[in-house]
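Coordinates in review
Each chain is listed here by its residues.
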Amino acid sequence: MIERRRDTGPVCCVPTDGPPSVLALAGEPESASAARRFVREFVPHHAPYASEDYVETVVLVACEIVTNSIRYGTEPGDSLQLTLDTDYARTRVEVQDPVRRRPQPRPAASQQRDRGRGLIILDALCNEWGVTDASFGKTVWAEVKAW
């Protein structure tokens, strides 16, 4: 499924240089820290008005999706792709991995463990999130509304 995005921000105010919007990551746990660094560089550059709290919220959302993708959407040797898009109203985080299996909420009893709260975090911090099929695998996306 291809989604078209509307440009809702004033073109004159969006920086054209700076960090790219796409980062390829290895399907290994160390990639979560690379994703956090990428978001901390990308969002303030492309949304200079964003508060530190907002940037950290996007960092948390991206890290949760990347971590889940590594844990459940990759096999050894696989890679994934993190894509960011931001404007004055929201930041969209997309993570594509090669596995079609969709995220599933964990039963309440298992949420008291160290795992299984990623989708609860997305529900709490994002105004929307979802999953779309990709040519090879799936894309999990989430939008964090600007405050």
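Everything here concerns the structure above.
Quick look at the structure, then. The written sequence of each chain sets the order in which its residues are numbered from 1. pLDDT decides what is reported in this predicted model: residues at 70 or higher carry local features, side-chain atom pairs at 80 or more are listed and counted, and totals for whole chains, interfaces and linings draw on all residues regardless. Heavy atoms from the whole structure form the basis of all side-chain values; hydrogens and water molecules are not counted.

We now examine the sheet that holds strand β1 (residues 22-26). The antiparallel open sheet is built from five strands, whose spatial order is β1-β2-β3-β5-β4. If you trace the sheet from one side to the other, it starts and ends with β1 and β4 (128-134), each paired once. Here the strands of the sheet are splayed against their neighbours by 20 degrees on average, with no regard to which way each runs. A strand pair is defined by DSSP finding two or more bridges across the two strands. Numbering of helices and strands runs from the N terminus, with a helix taken as a DSSP run of H or I at least four residues long and a strand as a DSSP run of E at least two residues long. Relative to strand β5 (residues 137-145), strand β3 (residues 90-97) runs antiparallel, the two sharing eight bridges. Each bridged residue has a counterpart across the sheet, and for E94 the counterpart in β5 is W141. The contact criterion used throughout is that any non-hydrogen atoms of two residues lie within 4.5 Å. Fitted lines through C-alpha atoms give the axes, limited to the stretch in contact for helices. The angle between two N-to-C directions lies from 0 to 180 degrees. Sheet strands touched by helix α1 (residues 31-46): β1, β2 (79-86) and β3. Its angle to β2, the strand with the most contacts, is close to 20 degrees.

Accessibility here uses a 1.4 Å probe with only protein chains present; expressed as a share of the type maximum, an area under 20% marks a residue as buried, one over 50% as exposed, and anything in between as partly exposed. A large share of β5 lies buried, amounting to eight of its nine residues. Direction of pairing for β4 relative to β5: antiparallel, over a ladder of seven bridges. The residue of β5 that forms the bridge with T132 is T139. What sits between β4 and β5 in their antiparallel hairpin is a turn of two residues.

Within the secondary structure, T139 sits in strand β5. Once residues lying within four places of it in the same chain are set aside, the contact partners of T139 are E94, V95, Q96, G130, V131, T132 and A134.

This next bit is on α1. To estimate the expected span of a helix, count its residues, drop one, and scale the result by 1.5 Å. Across its 16 residues, α1 extends 22 Å between first and last C-alpha, which sits within 8% of the 22 Å expected from 1.5 Å per residue. Listing the buried residues of α1 in full gives S31, A32, A34, A35, F38, V39, F42, V43 and H46. For α1, the buried positions fall inside an angular range of 145 degrees around the axis, keeping them on one side. Relative to its buried face, α1 has exposed residues pointing more than 90 degrees away, namely R37 and E41. Each direction from the helix axis to a C-beta atom contributes to the arc, which is the arc of those directions.

The subject of this paragraph is the side chain of D97. Residue placement: D97 occurs in strand β3. Residue classification places D97 among the buried residues on the basis of a relative accessible area of 3%. Pairing of N or O atoms within 3.5 Å defines a polar contact, subject to two protein rules: one partner must be a possible hydrogen donor and the other a possible acceptor, and residues neighboring in sequence count only if both atoms are side-chain atoms. Among the polar contacts listed, one links the side chain of D97 to the side chain of S69, at a separation of 2.9 Å. Here the side chain of D97 touches K138 through a polar contact of 2.8 Å, side chain to side chain. Excluding residues that lie within four positions of it along the chain, D97 makes contacts with S69, G73, T74, L80, F136, G137 and K138.

Of all hydrophobic cores here, the largest spans 30 residues; its most connected members are V39, V43, V61, I65, L82 and V93. Of all the secondary structure elements, the ones that give two or more residues to this core are α1, α2 (52-73), β2, β3, α3 (118-125) and β5. By residue number, the principal contributor to this core is α2, which donates nine residues. Leave out the neighbours within four places in its chain, and V61 touches V93, L122, L125, C126, A142 and V144. In this description, a nonpolar core means a group of buried Ala, Val, Leu, Ile, Met, Phe, Trp, Tyr and Cys residues linked to one another through side-chain atoms lying within 4.5 Å.

Another point: the environment of T91. Inspection of the secondary structure assignment puts T91 in strand β3. As for T91 and Y54, which are separated by 37 residues in sequence, their C-alpha atoms are 9.6 Å apart. Not counting residues within four places of it along the chain, the set of residues in contact with T91 comprises V43, Y54, V58, D85, T86, A142, E143 and V144. Among the polar contacts listed, one links the side chain of T91 to the side chain of Y54, at a separation of 2.7 Å. Engagement of the side chain of T91 in a polar contact is seen with the side chain of T86, the distance being 2.7 Å.

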